[in-house]
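# Notes for the structure review
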Amino acid sequence: MFDSITLGQYYQTDSVLHRLDPRVKLVGTFAYLISLFVVDSLPGYLLAALFLAVMIKLSNVPFRYIVRGMKTILFLLIITVCFNLFLTPGEVIWEFWIFKMTREGLNFAIKMAIRLSLLILGSSIMTLTTTPTQLTDALESLMRPLKKVRVPVHEIAMMMSIALRFIPILMEETDKIMKAQIARGADFESRNLIKKIKSMVPLLVPLFISAFRRANDLAMAMEARCYRGGEGRTKMKPLVYSSKDRVAYLILLLFFAACIAMRILF
Amino acid sequence: MAIKVDDISYLYERDTAMQVRALDHVSVEIPDNQFIGLIGHTGSGKSTFVQTLNGLLKVTEGHIYYNGEDIDGEKFDKKKLRSDVGLVFQYPEHQLFEVDVLSDVCYGPKNLGMSDEEAKKVALEALESVKMPKALYKSSPFDLSGGQKRRAAIAGVLAMKPRMLILDEPTAGLDPRGRDEILGLIAEMKRALNMTIILVSHSMDDVARYVDRIMVMGGGKLLYDDEPVKVFRHVRELEELGLSAPQVTYIMTLLKERGLDVNTDVLNVKDAAAEILAHRRELHV
């Protein structure tokens, strides 16, 4: 039932990107997102798109799989484009009823669409090649300096990894309960809004109960293994930078420098 | 009323690296009024198979015919199929949601378009069939014990008056007493309500005592489909699948291997005892 939601779900395979230190990927993704706002011209976007294409190639994730995930946000993309297209004031080039398309709007909409697509593709490359556990490990490690100002870094990371871990579990649970209720004649495909909301009760009540049950079980299991926060905890797989991570940082730096150069040149 | 399964396959995660063929060209016929045990190890495809039977999963290849009609046909009424072929999922108590047991059992019949009174009538019948104590009809389903919750959930499906009832691991997670209660209840329902029952399980001991026919699945394929005694003759092959024959079959097979000429086709302790006693002369030799 949830087969179509592939946006940002970890894709199991082996590639350079998969083996990279998650901290590099996290920093890299942020750098990439910032660079998309730094470059502000067609050649700049071409560079960013090219960089992304190389990354996708390196990730060994089939392009079709990534694009299929994009489908879910296509709606958002279309709305954004439409708003920019018709609501930006400026020189009118096309008119229909109350809709006025402007040259500035067209420019802006194209730019926005490219930027948004690259933004989503760029960040999904990270989550496609990094497991949630690795991601939170990286976050914890990168936020470590904040510990000095008493930010509960470990607890935040733990909460995040538990939350992420539970998404697929709850999704599976939803699927199961939905099927069980459909087998009892429930109709989740009704077009009628009131009926639709009503039909959610038999789904949400069991789902909440199971979420609480699982949370309770997990808390018990953690306590049974003497979990008491991050103080003095060691890692089974500590994060250590290797030479390929340093190379990756260097490439990122070069890319970022190129983006800034683009901004100045064009 | 009969279901004919014609060469069906089902693929999970189609066209990805994770593609799994959960059903691999399965063909079988399920006639009226039969008590069938569907056995298979975890991941053998048995749960997938039963979900295709009432149209919850659409088969990737092949066809399923219900009374001669293709269930994936355009004119086919799936809601009718789902009420005729009742499916009780694993841990069915996880689907309970209403304020009290009776209203929860009414949910299915109401979805079929019955009026409140009608729904209540069939719900009461269903609760009686599963031997739910009357005092609990108005209590919250979440206050019941594990076995009672399960019976309430089974009643929820039974109230839709299915002509065929599929139970996916109805004994999972119950203690031995709860397990015997549920199995006894199912056997009794079979006698009283005259319907086809498919009991899905990974335990031969659970089903051997009750069913007329056993289907064994492994790796998405239907491997054996026969009377219980005939299926249990393949003790070694069953073990390779991670399954086991009933415990009495092991004793009888061992006795036979040691030279006692007993009939190994027995399914319960009583018959086994009688069989051994009949050969007691040979025992003294």
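As a convention, each chain's residues are numbered from 1 in the sequence order in which they are written. Numbering of ligands from 1 and lettering of chains from A proceed in the order in which they are written. Two thresholds apply to this predicted model, a pLDDT of at least 70 for residue-level local features and 80 or more for giving and counting side-chain atom pairs, whereas whole-chain, interface and lining totals are computed over all residues. Derived side-chain values reflect all non-hydrogen atoms in the structure, with water molecules and hydrogen atoms excluded from consideration.

Before going further, it helps to spend a moment on the overall build of chain B. Numbering of helices and strands runs from the N terminus, with a helix taken as a DSSP run of H or I at least four residues long and a strand as a DSSP run of E at least two residues long. The number of helices and strands found in chain B is 12 helices and 10 strands. Its C-alpha atoms give chain B a radius of gyration of 21 Å, within 12% of the compact-globule value 19 Å for 285 residues. Dimensions of chain B, computed from C-alpha atoms along their principal axes, come out at roughly 70 × 50 × 35 Å. When the 285 residues of chain B are sorted by exposure, 51% land in the buried category. Areas reported as accessible are Shrake-Rupley estimates using a 1.4 Å probe. Residue values count occlusion only from the protein chains shown. Accessible surface computed for chain B: about 13400 Å², of which carbon and sulfur atoms make up 48%. In this tally Asp and Glu are treated as negative and Lys and Arg as positive; neither His nor the chain ends contributes. Here the site of a charge means NZ on Lys, CZ on Arg, CG on Asp, or CD on Glu. Here chain B carries 36 positive and 45 negative side-chain charges, and the mean point of each set is 3 Å from the other. The reference for a compact globule is 2.2 Å times residues^0.38; the radius of gyration itself is calculated from the C-alpha atoms. Note on exposure labels: buried denotes an accessible area under 20% of the residue type's maximum, exposed denotes more than 50%, and partly exposed covers the range between, all computed with a 1.4 Å probe on protein chains only.

Attention shifts here to unusual backbone geometry. All names here are of chain B. Unusually for a residue other than glycine, Asn33 sits at a positive phi of about 55°. Relative to the helices and strands, Asn33 resides in the loop between β2 (20-30) and β3 (35-40). Even without glycine at this site, Glu169 takes up a positive phi of about 45°. Examined against the element boundaries, Glu169 turns out to sit in the loop between β7 (164-168) and α6 (176-193).

Considering every residue of chain A, the mean pLDDT works out to 86; 97% of them sit at 70 or more. Each residue gets a pLDDT score, which is the predictor's confidence in that residue and runs from 0 to 100. No element of chain A has a lower mean pLDDT than strand β1 (residues 92-96) of chain A, at 75, and none a higher one than helix α2 (residues 22-38) of chain A, at 92.

All names here are of chain B. Strand pairing requires that DSSP identify at least two bridges connecting the strands. Spatially, β2-β1-β4-β5 is the arrangement adopted by the 4 strands of the open sheet, whose pairing is antiparallel. Here the strands that pair on one side only, and so sit at the sheet edges, are β2 and β5 (69-70). Sheet analysis places strand β1 (residues 3-12) next to β2, joined by 7 bridges and oriented antiparallel. Within the sheet, the bridge partner assigned to Leu11 lies in β2 and is Arg21.

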